[in-house]
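Given next are the chains, with one letter for each unit.
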Amino acid sequence: YAVSFGTNLLENLARLFGWTVDQRNPIPDLHATTAGSERYVLSVLVLLLTAAAFRLRSGGLLRSGVAWWWLAVLPVLPLPGRTYLHYLYVPLAGASLVAAALWDAALRRRAARRARPAAGEARGHWVAAAVVVLVLALWSDALLSMRLDLRMTNVDWPLDPVLRKSEIARRGIGDVRAALAGRKARVLILIPAAISSDVNLGSGQFSKNTPIKRYALESVLDDGRSLRAQVANAESVQFVHDYEPGHEGWECFLSLSDSHLVPLGAVPAAHAEYIVSMLRANLPAAALDYAQKAVADRPDDPALRPLLERAFAATPR
């Protein structure tokens, strides 16, 4: 974990505070960044609220809750790009103390305006508090259900960033484990750059013409380390995004758009299988590009040249 004491402090502060008070969005952590003026507005707001809690004649409960929230978020504020919703597990306990203190203060002000408290008023306050807690619990349960059910539009991934990573990892790991069936092998995972599109993780739609491609499977599996940890018979794991020479005998897998992995067999036969797969998927340009590179590197491979001619014939002029 890197540590920085720059503008990321304000960004993380604004993000965690926004998530703390958000009772409307089922996935408040869907967008990982808080940029522009939003970070400054929210940061100034939380600082003003903190100052008010300590300068006004507020009770110890309110100050304790504010201090609890701050002490719990301070350790994670310097982590650039590493702010997650579960960092709020402990701070939310402090936020609940703040809510309780504000509720108590409102009741005290209401009682002070009356010369004589009405009979059973204290009991009514407890009933009202219980109703508020019950409604909030039911609403939170509904938000969690929505969070679990929401899916991306253009790819079969959960919209929830935590569930998405878990499901992507489970698919890739499960496919490799099933294909190897206990055999020891070196694993080569091909995610073709020529046919890959970035996925906007906030909406689930494909993003075209992006200068740098991000490969979710490669990132989730930590460049193959997670796969090796879960599949003990995978002796080595490497990701490639185009034809690469070498890797004789490695078991090759083709990554689909939903991060499932299709076995292509061992290299070098896997090269021909990939070209055939591109032709079957009606992607002749990708097949031709790969076939040309493969034939240039392996001119004596009898399976590649006929496939090169097929790809050339299928590619629009």
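Residues numbered from 1 in each chain as written. Predicted model: local features only at pLDDT ≥ 70, side-chain atom pairs only at ≥ 80, totals over all residues. Heavy atoms only, no water.

(A) Structural view of helix 9 (residues 269-280). With 12 residues, helix 9 extends 17 Å from end C-alpha to end C-alpha; this agrees with the ideal 16 Å at 1.5 Å per step. By the criterion of burial, helix 9 is predominantly enclosed, with nine of the 12 residues buried. Where helix 9 is buried, its residues contact strand 1 (185-190), strand 5 (251-255), strand 6 (261-266), helix 10 (284-297) and helix 11 (304-314). Once helix 9 finishes, Asn 282 follows within two positions and takes phi at roughly 60 degrees, a positive value. (Helix = DSSP H or I, 4+ residues; strand = E, 2+ residues; numbered from the N terminus. Expected span 1.5 Å × (residues − 1). Buried < 20%, exposed > 50% of the residue type's maximum accessible area, 1.4 Å probe, protein only. Contact = heavy atoms within 4.5 Å.)

(B) Inspection of the sheet that holds strand 6 at higher detail. Spatial strand order, 4-1-5-6: four strands in an open sheet with mixed pairing. Each end of this open sheet is capped by a strand with a single partner; those strands are strand 4 (234-240) and strand 6. Strand-to-strand twist across the sheet, computed as the mean angle between neighbouring axes with direction ignored, equals 25 degrees. Strand contacts of helix 9: strand 1, strand 5 and strand 6, with the helix running at about 140 degrees to strand 6, the strand carrying the most contacts. (Pairing = 2+ DSSP bridges. Axes fitted to C-alpha atoms, helices over the stretch in contact; angles between N-to-C directions.)

(C) Here's a closer look at the side chain of Asp 29. The topology assignment puts Asp 29 in the loop between helix 1 (8-21) and helix 2 (37-55). One polar contact links Asp 29 to Arg 147, side chain to side chain, over a distance of 2.9 Å. Apart from residues no more than four positions distant in its own chain, Asp 29 is found in contact with Trp 19, Leu 85, Arg 147 and Pro 161. (Polar contact = N/O pair within 3.5 Å; in protein donor to acceptor, adjacent residues only side chain to side chain.)

(D) Expanded view of the nonpolar core. Membership of the largest hydrophobic core comes to 27 residues, with the highest contact counts inside it found for Leu 190, Cys 252, Tyr 274 and Ile 275. For this core, the secondary structure elements donating two or more residues are strand 1, strand 5, helix 9, helix 10 and helix 11. By size, the runner-up hydrophobic cluster in this structure holds 26 residues, among which are Val 155, Leu 221, Ala 234 and Val 237. (Core = buried A, V, L, I, M, F, W, Y, C linked by side-chain atoms within 4.5 Å.)

(E) Spotlight on the pattern of salt bridges. Following the criterion strictly, the structure yields 15 salt bridges and no others. Here Asp 289 ties to Lys 293 by a salt bridge, and the two come within 3.1 Å at their closest N and O atoms. Of this pair, Asp 289 and Lys 293 both sit in helix 10, four residues apart, roughly one helical turn. Of the residues examined, Lys 293 reaches a relative accessible area of 32% and is grouped as partly exposed. Linked through salt bridges whose partners overlap, the residues forming this network are Arg 151, Asp 156, Glu 167 and Arg 171. (Salt bridge = Lys/Arg side-chain N within 4 Å of Asp/Glu carboxyl O.)

(F) Focus on the pairing of strand 1. For strand 1, the tally of buried residues reaches five of six residues, placing the bulk of the element in the interior. Bridge analysis of strand 1 against strand 4 gives six bridges, and the strand direction is parallel. Each residue of the ladder has a partner; that of Ala 185, found in strand 4, is Ala 234. Examined bridge by bridge, strand 1 and strand 5 share four bridges and lie parallel to one another. Counterpart to Leu 190 in the pairing with strand 5 is Leu 254.

(G) How the structure looks around the environment of Pro 91. Relative to the elements of secondary structure, Pro 91 occurs in helix 4 (residues 91-112). Pro 91 sits in the buried class, given a relative accessible area of 1%. In this structure the C-alpha to C-alpha distance between Pro 91 and Trp 69, which are 22 residues apart in sequence, comes to 4.4 Å. Excluding anything up to four places from it in sequence, Pro 91 contacts Trp 69, Ala 72 and Val 73.

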